[in-house]
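Working through the structure, step by step
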Amino acid sequence: YFCRHGGRWELQLKGSGKTPYSRNGDGRAVLRSSVREFLCSEAMHYLGIPTSRAASLVVSDDDVWRDQFYNGNIKKERGAIVLRLAKSWFRIGSLEILTHSGELDLLRRLLDFIIQEHFPSIAMNDSNRYLEFFSTVVSETANLIALWMSVGFAHGVCNTDNFSLLSITIDYGPFGFMDSYDPNFVPNTSDDERRYKIGNQASVGLFNLSKLLQALKPLLDPRQKQLASQILEGYGERYHSRFTELFKTKLGLLGENENDNFLIAFLLKVSLLC
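Residues numbered from 1 in each chain as written. Predicted model: local features only at pLDDT ≥ 70, side-chain atom pairs only at ≥ 80, totals over all residues. Heavy atoms only, no water.

The name that an unreviewed UniProt entry assigns to the protein is Selenoprotein O, with the source organism given as Mohoua ochrocephala. Its UniProt record, at the heading Cofactor (unreviewed entry), says of the protein: "Mg(2+)". Taken from UniProt, the Sequence similarities (unreviewed entry) comment for the protein reads in full: "Belongs to the SELO family." (UniProt positions renumbered as here; feature names shortened; annotations may be inferred.)

The structure is reproduced here in structure tokens:
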């Protein structure tokens, strides 16, 4: 879909029914979650955080059965469909599945398409284009998760299939915002192991990027693999730098001071105690 300002958006319906990717689900969505996705994706956009957008929400005549709190209490709910937009819906999982199934020619073709369409700074005739692509995704993923943390946003399901290759926020499900700082905050009631608690998001981002590197390795030569591993090792420093920058801006801190990180950590701890 081309907009009048020259940009291009991919349209996607959430809740319209079964697709080849619905697994064992019915592919439907309930009204309450659809309203939450519509409102939150628009809020994130206006907070300056890269995200998919919501174009419309239509209430369905279909009844949808859901166990909202995963406690065995299934209830009938009103269905709905959200028309959502993004520059691309390709995820880390989109490449991961091709490598896993040994479809390396298709992997290369898809990756070249993604780079050509969405990474204009990378030359298609550059033999290091996959390395440059990986470097960009690592940097932008660190930036995205730091932005999430700066507003207390917990995605809720940070698996590789919910992580965009364009480093935007996609697939709003059991997300939540912290009312007060708590690194153990979990918005997903089904996450009994607290794998995706808000304090784990940066680490989960690193895990997902390591899975992306595994997916790309068949297309890299030995030197490029070594360089890619070094790029991945720099993720933590990139995330910490961006996190610190965002919180210093919130506090109005100017310049560089060795006590800045201590102050940020102290104030977050004070918030936790409050």
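Let us now look at the overall build of the protein. Along the protein, the regular secondary structure elements total eight helices and five strands. The N-to-C order of helical and strand elements in the protein reads β-α-β-β-α-α-α-β-β-α-α-α-α. In summary, the protein has a C-alpha radius of gyration of 20 Å against a globular reference of 19 Å for 274 residues, a match within 12%. Principal-axis analysis of the C-alpha atoms places the extent of the protein at approximately 55 × 55 × 40 Å. Residues counted as buried form 41% of the 274 residues belonging to the protein. The long-range share in the protein, meaning contacts at least 24 apart out of those at least 6 apart in sequence, stands at 61%. Charge centroids of the protein, computed over 31 positive and 31 negative side chains, lie 3 Å from each other. (Helix = DSSP H or I, 4+ residues; strand = E, 2+ residues; numbered from the N terminus. Rg over C-alpha atoms; globule rule 2.2 N^0.38 Å. Buried < 20%, exposed > 50% of the residue type's maximum accessible area, 1.4 Å probe, protein only. Contact = heavy atoms within 4.5 Å. Lys, Arg positive; Asp, Glu negative; His and termini not counted. Charge placed at Lys NZ, Arg CZ, Asp CG, Glu CD.)

On to empty space enclosed by the protein, then. Tallying each qualifying case throughout the model produces one cavity of 30 Å³ or more. Counted as a void, the largest cavity has a volume near 60 Å³. For the lining of the largest cavity, the class distribution of residues is five nonpolar, five polar and no charged. (1 Å grid on protein atoms, 1.4 Å probe; cavity = no way out; pocket = protein on both sides within 12 Å on 5 of 7 lines; lining within 4 Å. Points joined across faces, edges and corners; volume = space filled by probe spheres on them. Nonpolar A, V, L, I, M, F, W, Y, C, P; charged D, E, K, R; others polar.)

A few words on the sheet that holds strand β3 (residues 75-86). Taken in spatial order, the three strands make up an open sheet running β1-β3-β2, and their pairing is antiparallel. Pairing within the sheet leaves two strands with one partner each, and these edge strands are β1 (10-14) and β2 (53-66). Neighbour-to-neighbour, the strand axes of this sheet turn through a mean angle of 15 degrees, independent of strand direction. Pairing of β1 with β3, which is carried by five bridges, proceeds in the antiparallel orientation. By the bridge assignment for β3, Gln12 is matched with Arg84. (Pairing = 2+ DSSP bridges. Axes fitted to C-alpha atoms, helices over the stretch in contact; angles between N-to-C directions.)

What follows is about the packing of helix α5 (residues 201-216) against helix α6 (residues 222-233). Taken N-terminus to C-terminus, the directions of α5 and α6 make an angle of 170 degrees; their axes are 11 Å apart at the nearest point. Taken together, the axes of α5 and α6 are roughly antiparallel relative to one another. Of α6, the residues touching α5 (which contributes Leu206, Leu209, Ser210 and Leu213) are Ala228, Ser229 and Leu232. Taken together, the residues of the contact of α5 with α6 sort by class into five nonpolar, two polar and no charged. (Parallel < 35°, antiparallel > 145°, perpendicular 65-115°, else oblique.)

What follows concerns the state of the cysteines. What we call a disulfide is simply a covalent bond connecting the sulfur atoms of a pair of cysteines. Here the structure, examined in full by the defined rule, presents zero disulfides. The closest cysteine sulfur to the non-disulfide-bonded Cys40 is located on Cys158, 13 Å from its own sulfur. (Disulfide = S-S within 2.5 Å.)

A few words now on the environment of Leu13. Turning to its location among the elements, Leu13 is positioned in strand β1. Sequence separation of Leu13 and Leu57 is 44 residues, and the distance between their C-alpha atoms is 9.7 Å. Apart from the residues lying within four places of it in its own chain, the contact partners of Leu13 are Ile81, Val82 and Leu83.

Turning our attention to the pattern of salt bridges. Scanning all chains against the criterion turns up 15 salt bridges. Across the salt bridge formed by Asp26 and Arg66, the nearest N and O atoms sit 2.9 Å from each other. Of the two residues, Asp26 is situated in the loop between β1 and α1 (31-46) and Arg66 in strand β2; the sequence distance between them amounts to 40 residues. Among the ionic contacts, a cluster of salt bridges with common partners joins Lys14, Glu37, Arg84, Arg91 and Asp171. (Salt bridge = Lys/Arg side-chain N within 4 Å of Asp/Glu carboxyl O.)

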